[in-house]
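Chain and residue survey
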Amino acid sequence: MKSSIDLNADLGEDESADGIARDIAIMDIVSSCNIACGGHAGSPQTMRIMLAAAKARQIAPGAHPSYPDRSNFGRQSMNISLEELEACLASQVFEITTIAEEVGVPLTHLKPHGALYNDAQDDPDLATLLIEMMAGTGLALVGMPGSLIQKMAMERNISFIAEAFIDRRYTGKGRLVPRSDAGAVIADEDERIHQGLSLAQGTALTVQDGSDLMVKADSLCLHSDSDGALETAKKMRLALENAGIMIGSGK
């Protein structure tokens, strides 16, 4: 069992006043955050707000780029050339990096969003594109344990943060159940907490096909747009601390 673990959240995806307030409240609980940088959601204004809040709370901020697909919230795979995708991702990362420098807080990591995240775990072309983007940046790359992109990151000496999800169901192959499948997102709060503790304590999950799955994670993620995300974040942190697991990014 780990003595400490990172708790992260995807933030800056809701530009409403309520969404911004919720995300800032979540920052009081988590140890790192992934900030939307325009591909699927977010704007220069929300990036600046999220980065300033992360700086004030001394949590680790990262870039959260996506396929250029705001209409589908970046949750559908896109038929896009690698050259076009690379240019789009570079633009997103450049913008949030520039704002981070203005705010005076360094980015620590990059986590692809949505369909890009899922596709890149085992797609050689997408994994290579992201690895090449990361090389020389000094940023850590967030992805799924046991993935091709983890293997490639290790081969290139790129820091890799193995992530697991407290509010998503897994397949027997250790990948996320597609959101289009019923029950892919865990709605019950008690189930979310149970899964988060299992992941942190290194015990097996019972997954979609009924088999047991071990997931070795450095960081636990919750989605800020899941119903009840703020309350789940509070209860997840308390449950971890009660189990003797401290929260810290290590980034």
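Presented here is a report on the structure given in the accompanying data block. As the structure is a computational prediction, the values presented were derived from the model and not from experiment.

Brief notes about helix 8 (residues 229-242)
- Taking 1.5 Å per residue, 14 residues should reach 20 Å; helix 8 reaches 20 Å between its end C-alpha atoms and fits that length.
- Those residues of helix 8 not exposed but buried are Ala 229, Thr 232, Ala 233, Met 236, Ala 239 and Leu 240. Along the axis of helix 8, the buried positions cluster into a sector of 135°, meaning they face one direction only.
- Where helix 8 is buried, its residues touch strand 1 (4-11), helix 1 (17-27), helix 7 (189-201), strand 9 (219-223) and strand 10 (246-247).
- Downstream of helix 8 by one or two residues, Gly 244 has phi in the positive range, about 85°.

Looking at the layout of surface pockets
- In this model, the largest pocket occupies a volume close to 450 Å³.
- Taken together, 24 residues line the largest pocket, and the ones lying closest to its centre are Gly 114, Ala 115, Asn 118, Arg 168 and Leu 176.
- The dominant element in the lining of the largest pocket, judged by the number of residues it contributes, is helix 4 (residues 114-120), at 5 residues.
- Looking at the lining of the largest pocket residue by residue, the class counts come to 8 nonpolar, 8 polar and 8 charged.
- Here the second largest pocket is characterised by a volume of approximately 190 Å³.
- For the second largest pocket, the full set of lining residues is Arg 169, Tyr 170, Ile 186, Glu 191, His 194, Gln 195, Ser 198, Ala 204, Leu 205, Thr 206, Val 207 and Gln 208.

Here's the deal with the pattern of salt bridges
- For the structure shown, the criterion picks out 14 salt bridges.
- A salt bridge links Asp 10 to Lys 111, with the nearest nitrogen and oxygen atoms 3.0 Å apart. Separated by 101 residues along the polypeptide, Asp 10 in strand 1 and Lys 111 in the loop between strand 4 (109-110) and helix 4 bring together distant segments of the chain.
- For the salt bridge of Asp 28 with Arg 57, the shortest nitrogen-to-oxygen distance reads 2.8 Å. One end of the pair, Asp 28, is in the loop between helix 1 and strand 2 (32-36); the other, Arg 57, is in helix 2 (residues 44-57), with 29 residues separating them in the sequence.
- A single salt-bridge network, built from bridges that share partners, covers Asp 10, Lys 111 and Glu 163.

Observations concerning the packing of aromatic side chains
- Under the counting rule described, the total for this entry stands at 1 aromatic pair.
- Between Tyr 117 and Phe 165 the ring centres are 5.8 Å apart and the planes differ by 90°, which places this aromatic pair in the edge-to-face class. With a gap of 48 residues between them, Tyr 117 in helix 4 and Phe 165 in strand 6 (residues 160-165) connect regions that are remote in the sequence. Across this residue pair, the class does not change: Tyr 117 and Phe 165 are buried.
- The ring of Tyr 117 has Lys 111 lying over it, and the distance from NZ or CZ to the ring centre is 5.6 Å.

Some remarks on unusual backbone geometry
- Positive phi, close to 55°, is recorded for Phe 73, a residue that is not glycine.
- Secondary-structure assignment places Phe 73 in the loop between strand 3 (60-64) and helix 3 (82-103).
- Despite not being glycine, Asn 157 shows a phi value in the positive range, around 60°.
- With respect to the element layout, Asn 157 can be found in the loop between helix 6 (148-155) and strand 6.

Details of the environment of Ser 159
- For Ser 159, the position within the fold is in the loop between helix 6 and strand 6.
- In sequence terms Ser 159 and Met 47 are 112 residues apart; their C-alpha atoms lie 24 Å from each other.

Procedures and definitions
Residues numbered from 1 in each chain as written. Predicted model: local features only at pLDDT ≥ 70, side-chain atom pairs only at ≥ 80, totals over all residues. Heavy atoms only, no water. Helix = DSSP H or I, 4+ residues; strand = E, 2+ residues; numbered from the N terminus. Expected span 1.5 Å × (residues − 1). Buried < 20%, exposed > 50% of the residue type's maximum accessible area, 1.4 Å probe, protein only. Arc of directions from axis to C-beta. Contact = heavy atoms within 4.5 Å. 1 Å grid on protein atoms, 1.4 Å probe; cavity = no way out; pocket = protein on both sides within 12 Å on 5 of 7 lines; lining within 4 Å. Points joined across faces, edges and corners; volume = space filled by probe spheres on them. Nonpolar A, V, L, I, M, F, W, Y, C, P; charged D, E, K, R; others polar. Salt bridge = Lys/Arg side-chain N within 4 Å of Asp/Glu carboxyl O. Phe/Tyr/Trp six-rings, centres within 6.5 Å; stacked < 30°, edge-to-face > 60°. Lys NZ or Arg CZ within 6 Å of the ring centre and 35° of its normal.

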